[in-house]
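# Chains, contacts and geometry: an overview
What follows is the residue order along each chain.
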Amino acid sequence: MIIAIDGPAASGKGTIARRLAHKYGLHHLDTGLLYRAVAKAVLDAGFPPDDIGQAIAAAAALDPEKFDESALKTQQITEAASVVAAIPQVRAALMNYQRAFAQKPPGVVLDGRDIGTVIAPAAEVKLFVFASPQVRAKRRVAELKARGEEADEQAVLADLVRRDERDSRRAAAPLMPAPDAHLLDTTHLDIDAALRAAVAIIEAVRTGRKRG
Ligand code: CDP
């Protein structure tokens, strides 16, 4: 089984993906980490994130088994990730790894921006998780503070809206729901309620398949 989860920043998709993987005994890949790692490599080498040559080389050299997740979650890398993610050759270089991961038995949960549309268009279940920008900004502030980073809610909101726009307007694999994705609005849901809603969708899809 492949469960594809897409959605904008801080919508809850990552937590839902992790918990679904645990519940169903599936592998989980947070594909945002791939773009974050490319961004970090470019910045660490002293280049701006829109240096196309550096970003392509970093994507080609990436070793996804060696990620230090907490070092990839800073605000600077978050912003830079969305810049390198708009470069088509960077996306192409990361495609094989994601598609190979998606074939792992007994199944996988992948979360990102283009999983249901580009990486795994044949996924059994596709979720598009979203929430109002204000609620998402509050969640991201809480996350950053828990990590010990300073965070101003208005600034986080502005960053998040700008990044959503960049992710949605880019030509290469823009953020958008697949036509057959189930929409999950988490604006008024805490994480347990969001997980229950996701499970309900998955169970309905599976039951429908068995009947059909
Ligand atoms: O956690 P958050 O949603 O803020 O970020 P993320 O999922 O780690 O993704 C960081 C950035 O990587 C996004 O803003 C996208 O530009 C890019 N990304 C992408 O283009 N495609 C994916 N499948 C995953 C992330």
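Up top is the structure.
Since this is a predicted model, take the numbers as computed values, not measurements.

## Some words on helix 4 (residues 75-84)
Helical geometry note: an α-helix holds 3.6 residues per turn, so side chains three or four residues apart project in the same direction. A large share of helix 4 lies buried, amounting to 7 of its 10 residues. On the buried face of helix 4, the contacting elements are helix 2 (32-44), helix 3 (52-60), helix 5 (88-102) and helix 8 (153-169).

## Remarks on the side chain of Asp 114
Locating Asp 114 in the fold gives a position in the loop between strand 3 (108-112) and helix 6 (115-119). In this view, Asp 114 contacts Asp 6, Arg 91, Ile 119 and Ala 173; residues no more than four positions away in its chain are not counted.

## So, the environment of Tyr 24
Checked against the element boundaries, Tyr 24 lands in helix 1 (residues 13-24). Between the C-alpha atom of Tyr 24 and that of Val 199, which follows or precedes it by 175 residues, the distance is 9.9 Å. Dropping the residues within four chain positions of it, Tyr 24 is found in contact with Met 1, Ile 3, Val 199, Ile 202, Glu 203 and Arg 206. Side-chain polar atoms of Tyr 24 contact the side chain of Glu 203, separated by 2.5 Å.

## Some thoughts on the site of the ligand
Surrounding the ligand, one finds 18 residues, the nearest of these being Lys 13, Arg 36, Arg 91, Arg 140 and Asp 167. Residue Asp 114 places a side-chain N or O atom 3.0 Å away from a nitrogen atom belonging to the ligand. A distance of 2.7 Å is found between an oxygen atom of the ligand and a side-chain nitrogen or oxygen belonging to Arg 140. When isolated, the ligand has an accessible area of 530 Å², and the protein chains bury 97% of it. Among the secondary structure elements, those contributing two or more residues to the shell around the ligand are helix 2, helix 4 and helix 8. Top contributing element to the shell around the ligand by residue count: helix 2, with 3 residues.

Scoring rules and cut-offs
- Once a new chain begins, its residue numbering starts again from 1 and follows that chain's sequence as written.
- Whole-chain, interface and lining totals are the exception, using all residues; otherwise, since this is a predicted model, local features are given only for residues with pLDDT of at least 70 and side-chain atom pairs are given and counted only at 80 or more.
- To get the side-chain values, all heavy atoms of the structure are used, and hydrogens and water are removed first.
- Accessibility here uses a 1.4 Å probe with only protein chains present; expressed as a share of the type maximum, an area under 20% marks a residue as buried, one over 50% as exposed, and anything in between as partly exposed.
- Starting at the N terminus, helices and strands are each numbered in turn, a helix being any DSSP run of H or I of at least four residues and a strand any DSSP run of E of at least two.
- Contacts are assigned to residue pairs that have any heavy atoms within 4.5 Å of one another.
- Between N or O atoms, a polar contact is any pair within 3.5 Å; within protein, one atom must be a potential hydrogen donor and the other a potential acceptor, and residues adjacent in sequence are included only when both atoms are from side chains.
- Any residue with at least one heavy atom within 4 Å of a molecule or strand is counted as near it.
- Per-residue accessibility takes into account occlusion by the displayed protein chains alone, with areas from the Shrake-Rupley method and a 1.4 Å probe.

Function cannot be read off these values alone, since they describe shape.
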